[in-house]
Amino acid sequence: MSKFEVGDIVIGTVVRVYPSYAIMLFDGGKTGLLHISELSEHFVRSFTGYVQTGNIYKVRVIEIDEDKDEMKVSLKRVGRDERHKPLPHQEIAEEDISFDGLKAHLEEWKEAYGRKND
């Protein structure tokens, strides 16, 4: 059972960037997908120009699939006021990092978003 709930605002670190999405790491080793459509209300020409490995963002949890251990997050759904509120520091232990839940569905997502060679 995840300690995250849909609607929560959490801090995450970008650990992998692709042309139209990024994989983020959260407290407790939970991973999530940040898609280009969830970056901004405005057109984003280059996802990789906006998001880079190591960036830390406050994001809103928009979907959780406990069965697949997957989470989808949004940067654009964090309001301006919420962006500036401090959140508690998170500790991520190296042994908590796992991409198994996301890796299992990576090909499916790439096909759904028209990316076959990322």
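Please refer to the structure higher up on the page.
Note that the structure is a prediction, hence the values are computed from the model and not measured.

Rules used in this analysis
Residues numbered from 1 in each chain as written. Predicted model: local features only at pLDDT ≥ 70, side-chain atom pairs only at ≥ 80, totals over all residues. Heavy atoms only, no water. Helix = DSSP H or I, 4+ residues; strand = E, 2+ residues; numbered from the N terminus. Buried < 20%, exposed > 50% of the residue type's maximum accessible area, 1.4 Å probe, protein only. Contact = heavy atoms within 4.5 Å. Areas by Shrake-Rupley, 256 points an atom, 1.4 Å probe, with all protein chains shown as cover. Phe/Tyr/Trp six-rings, centres within 6.5 Å; stacked < 30°, edge-to-face > 60°. Core = buried A, V, L, I, M, F, W, Y, C linked by side-chain atoms within 4.5 Å. Pairing = 2+ DSSP bridges. Axes fitted to C-alpha atoms, helices over the stretch in contact; angles between N-to-C directions.

Visitor: Pulling in residues and values, what's your account of the overall build of the protein?
Guide: Looking only at helices and strands, one finds four helices and five strands in the protein. Beginning at the N terminus, the succession of helices and strands in the protein can be written as β-β-β-α-β-β-α-α-α. A total of 118 residues make up the protein; the buried ones form 37% of that total. Restricting to contacts in the protein with at least 6 residues of sequence separation, those with at least 24 account for 64%. Taken as a whole, the protein presents about 7400 Å² of accessible surface, with 47% of it coming from carbon and sulfur.

Visitor: Go over the packing of aromatic side chains, please, and point to the residues and values.
Guide: If you walk through the whole model with that rule in mind, you get two aromatic pairs. Between Phe4 and Phe26, the aromatic rings sit 6.1 Å apart at their centres with planes inclined by 70°, giving edge-to-face as the arrangement. Highlighted residues: Phe4 in the segment before strand E1 (9–17) and Phe26 in the loop between strand E2 (21–25) and strand E3 (31–35), separated in sequence by 22 residues. For the residue pair Phe4 and Phe26, the accessibility class agrees, reading buried in each case. Summarising the aromatic geometry, the rings of Tyr18 and Tyr21 are spaced 4.7 Å apart at their centres and angled 25° between planes, so their arrangement reads as stacked.

Visitor: A description of the nonpolar core should follow, citing residues and the corresponding values.
Guide: Membership of the largest hydrophobic core comes to 17 residues, with the highest contact counts inside it found for Met24, Phe26, Leu39, Val51, Tyr57, Val59 and Val73. Listed by contribution, the elements that provide at least two residues to this core are E1, E2, strand E4 (56–65) and strand E5 (70–74). Leu39 has contacts with Leu34, Val44, Phe47, Tyr50, Val51, Leu75 and Lys76, leaving out every residue within four places of it along the chain. By size, the runner-up hydrophobic cluster in this structure holds seven residues, among which are Tyr18, Tyr21, Leu102 and Leu106.

Visitor: How would you summarise the sheet that holds E3 if you had to cite specific residues and measurements?
Guide: Reading around the barrel, the five strands line up as E1-E2-E3-E5-E4 and close back on themselves, with mixed pairing between neighbours. Pairwise comparison of adjacent strand axes, ignoring direction, gives a mean angle of 50° for this sheet. Pairing of E2 with E3, which is carried by five bridges, proceeds in the antiparallel orientation. From the neighbouring strand, Leu25 faces E3, where its bridge partner is Thr31.

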